[in-house]
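# Working through the structure, step by step
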Amino acid sequence: MIDLNDLNVYTEYDLEKMINHLNGFPELCREAWRKAMLLELPEDYADVDRVMILGMGGSAIGGDLISRLIVNEAKVPMTVNRNYNLPAYVDKRTLVIACSYSGYTEETLSALGQALDINAKCMVISTGGKLKEIAQEKHLPLFTFDYDAQPRATLPFSFMAVYCTLQRLGIIGDKSADIAETIKILEQLSQQMDITVPLEKNQAKQIAEKLYGKFIFIYGAEITSEIAYRWKTQFNENSKNWAANESFSELNHNTIVGYQFPADFAKNAVIILLRSTLISEPILARYQATSSVLEQHKIKYSIVACGGESALAQMLSLVLLGDYISYYLAILNEVDPTPIETIDKLKHELRKNKA
């Protein structure tokens, strides 16, 4: 196995310096929040019945996280649309936020076009491309940023732009104190998980070693449900590793029955249970009961908790920890965390078939 304490391995495998994006996560959050506070928003954008995020992949995950974060506070529902077409319930009283790093994501462009046709209240988050052109042509609120990275590494921008917009429109309350706490927690975490911190003191490196060579399953609940999905996709894209996610308490009604076969599968599987102090007592009881079931089936598992007091700090600290773990697992797998060649090949095939 690769020695994660050998700093030379990061030079060998992290050719595009993904570690810089992880270490810069706290400052990017600060920058994105400050920038979003300056964005001009029409007054009537506060008068909506629902919020919908349009996006795919790394550009959509911010919407997933926020929709969970605000579910007990916001008086209007928020959903994420990952399709070419809009649901029939979207109308002119819907705030539609189109998010695409490149500005060329075809599903997002298609859905935004339909939103404009029905006079929905539209906003754009992008670095440029066709999406930026549409925003400028239609005089839509445009949050644009210049940051060279894979979309999944630009989460601070897509997350903070939406979260700040919701605050400024009065859909959620003042989050300035939560933002300050969160950035402080993230800065501490990035220092603790850096490549220079030895394995003995580095939680991300330790967990990555436990996951090496395994099928990974991430279980979440309530506030950690969407975080589990983020972990899953980061293991896929950064580590190039098999991974899947599940949520309590639904997994107790089906998944746990499937632990029996294939009989030897458990030897190659590890389950991560994401915990938070904000998870309700009935669900925490299910964590404990499920852990007992896993032990009965001799399935390896680990419980991973988050830091901070506020829901925002707990969510983003657990997100960043997962990012670091997936990074170290990529190094153990002897691959560069940044490239996504399989996705690039798929996009090429789709363009070729359209030609």
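First, a word on what this report is: a plain description of the structure on this page.

Conventions adopted
Residues numbered from 1 in each chain as written. Predicted model: local features only at pLDDT ≥ 70, side-chain atom pairs only at ≥ 80, totals over all residues. Heavy atoms only, no water. Salt bridge = Lys/Arg side-chain N within 4 Å of Asp/Glu carboxyl O. Helix = DSSP H or I, 4+ residues; strand = E, 2+ residues; numbered from the N terminus. Buried < 20%, exposed > 50% of the residue type's maximum accessible area, 1.4 Å probe, protein only. 1 Å grid on protein atoms, 1.4 Å probe; cavity = no way out; pocket = protein on both sides within 12 Å on 5 of 7 lines; lining within 4 Å. Points joined across faces, edges and corners; volume = space filled by probe spheres on them. Nonpolar A, V, L, I, M, F, W, Y, C, P; charged D, E, K, R; others polar. Core = buried A, V, L, I, M, F, W, Y, C linked by side-chain atoms within 4.5 Å. Contact = heavy atoms within 4.5 Å. Pairing = 2+ DSSP bridges. Right-handed = clockwise from strand over helix to strand, strands pointing away.

Attention now moves to the pattern of salt bridges. Evaluated as defined, the whole model comprises 11 salt bridges. Residue E133 is joined to K130 by a salt bridge in which the shortest nitrogen-to-oxygen separation is 3.9 Å. In this pair, E133 and K130 are both assigned in helix α6 (residues 129–138), three residues apart and thus about one turn of the helix distant. Classification of E133 as partly exposed rests on a relative accessible area of 43%. Overlapping salt bridges, with partners in common, bring together E27, R30 and E187 in one network.

Let us look at empty space enclosed by the protein. According to the stated counting rule, one finds two cavities of 30 Å³ or more in the structure shown. As a volume, the largest cavity reaches approximately 70 Å³. Considering the residues around the largest cavity, the lining is formed by M18, H21, L22, F25, R152, A153, R230, Q234, N238 and D323. Elements that contribute at least two residues to the lining of the largest cavity include exactly α2 (18–23) and α10 (225–237). Of the residues forming the lining of the largest cavity, the biggest block, three residues, is contributed by α2. Volume-wise, the second largest cavity comes out at about 30 Å³. In terms of lining residues, the second largest cavity is bounded by S59, C99, S100, Y101, I125, F145, T154 and S158. Taken together, the residues that form the lining of the second largest cavity break down as four nonpolar, four polar and no charged.

Formed by 121 residues in total, the largest nonpolar core has its most connected members in F143, F159, Y163 and W231. A per-element tally of this core places helix α12 (residues 311–332) first, with 14 residues. Excluding residues within four positions of it along the chain, F143 makes contact with A32, K35, A36, L39, M123, V124, I125, S126, F157 and A161.

In this section: the pairing of strand β7 (residues 243–248). In terms of strand pairing, strand β6 (residues 215–221) meets β7 through six bridges, oriented parallel. From the neighbouring strand, I218 faces β7, where its bridge partner is N245. Regarding topology, α10 serves as the crossover connection from β6 to the parallel β7, and that connection is right-handed.

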